[in-house]
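Chain and residue survey
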Amino acid sequence: MKSDVIAVSSGGEGMEEALRQTEDVASYKKLDKKNALHLRLLGEEMMGMLRSLTGETEASFWIEDNKQGVFELHLKTVTVMDAEKRGELLRVSTSGKNSAAKGIMGKIRDIFESMLAPDDLSPPNYYESGLQYDGFDMTDDPMKLAMISVTSWSLEQYRESVKAEENSPDKAEEWDELEKSIVANLADEVKIFINGNAVEMVIYKKIS
């Protein structure tokens, strides 16, 4: 099943309709109250991420589910870079540690913006922990390799990377963020994909 596609924007347009759709899908699929609430909360987190993006961003939102009981919340945007937006993204992200990026959704927002950015934009420092590659590149620069070869970022892969070093002082704060995050606790996975000039975020939630 695929729901209607709702046009949303970082200015707030369409967001209430998108959240109502999470409730409509829950009702149509006869989800219990707890799972319906979880779907709504994940939708709210996704809309909150969109609202915090730099500049005006328009996107499409929809929900899909499959026979395995996995619900997917999709947010897809196509970006056309101009000089002003390029500058805004550079100011936000080139330091690799946006001071406003608090918690997991703040990090996901930074990663989403980095994927919307041109190739010369350095991604945030926590970006690399969740990278998934398609093919390889011969460059010796690992960050350049990430920007060239990456096709998706995975919350689960990031979680495993942080968990492996959770006792490290450098990773303690990141592990604490994961434990407190609504998305990290409710979602089975969050992925961000690049396909040409389109960037898509998908939150996966298995409901048995």
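One can find the structure itself at the top, above this paragraph.
The structure reproduced in this document is the subject of the present report. What you see is a predicted model; the values in this text were computed from it and never measured.

Scanning the chain from terminus to terminus reveals eight helices and seven strands. For the chain, the residues scored as buried account for 50% of the 208 residues in total. Of the roughly 10,600 Å² of accessible surface on the chain, 47% is carried by carbon and sulfur atoms.

Positive phi outside glycine occurs at lysine 30, with the angle close to 55 degrees. With respect to the secondary-structure elements, lysine 30 resides in the loop between helix H1 (15-28) and helix H2 (33-51).

To continue, consider the packing of aromatic side chains. Across all of its chains, the model carries zero aromatic pairs by this definition. Lysine 2 extends its terminal NZ or CZ atom over the ring of tryptophan 62, reaching a point 4.7 Å from the ring centre.

Okay, the pairing of strand E7 (residues 198-206) next. The two faces of the sheet receive side chains in turn, since in a regular strand these alternate between them. Summarising burial for E7: eight of the nine residues are buried, a large majority. Where strand E3 (residues 70-78) lies against E7, nine bridges are found, and the strand directions are antiparallel. From the neighbouring strand, phenylalanine 71 faces E7, where its bridge partner is lysine 205. In this structure, strand E6 (residues 189-195) lies alongside E7, joined through seven bridges in antiparallel fashion. Counted as the bridge partner of asparagine 195 is alanine 198 from E7.

Parameters and conventions
Residues numbered from 1 in each chain as written. Predicted model: local features only at pLDDT ≥ 70, side-chain atom pairs only at ≥ 80, totals over all residues. Heavy atoms only, no water. Helix = DSSP H or I, 4+ residues; strand = E, 2+ residues; numbered from the N terminus. Buried < 20%, exposed > 50% of the residue type's maximum accessible area, 1.4 Å probe, protein only. Areas by Shrake-Rupley, 256 points an atom, 1.4 Å probe, with all protein chains shown as cover. Phe/Tyr/Trp six-rings, centres within 6.5 Å; stacked < 30°, edge-to-face > 60°. Lys NZ or Arg CZ within 6 Å of the ring centre and 35° of its normal. Pairing = 2+ DSSP bridges.

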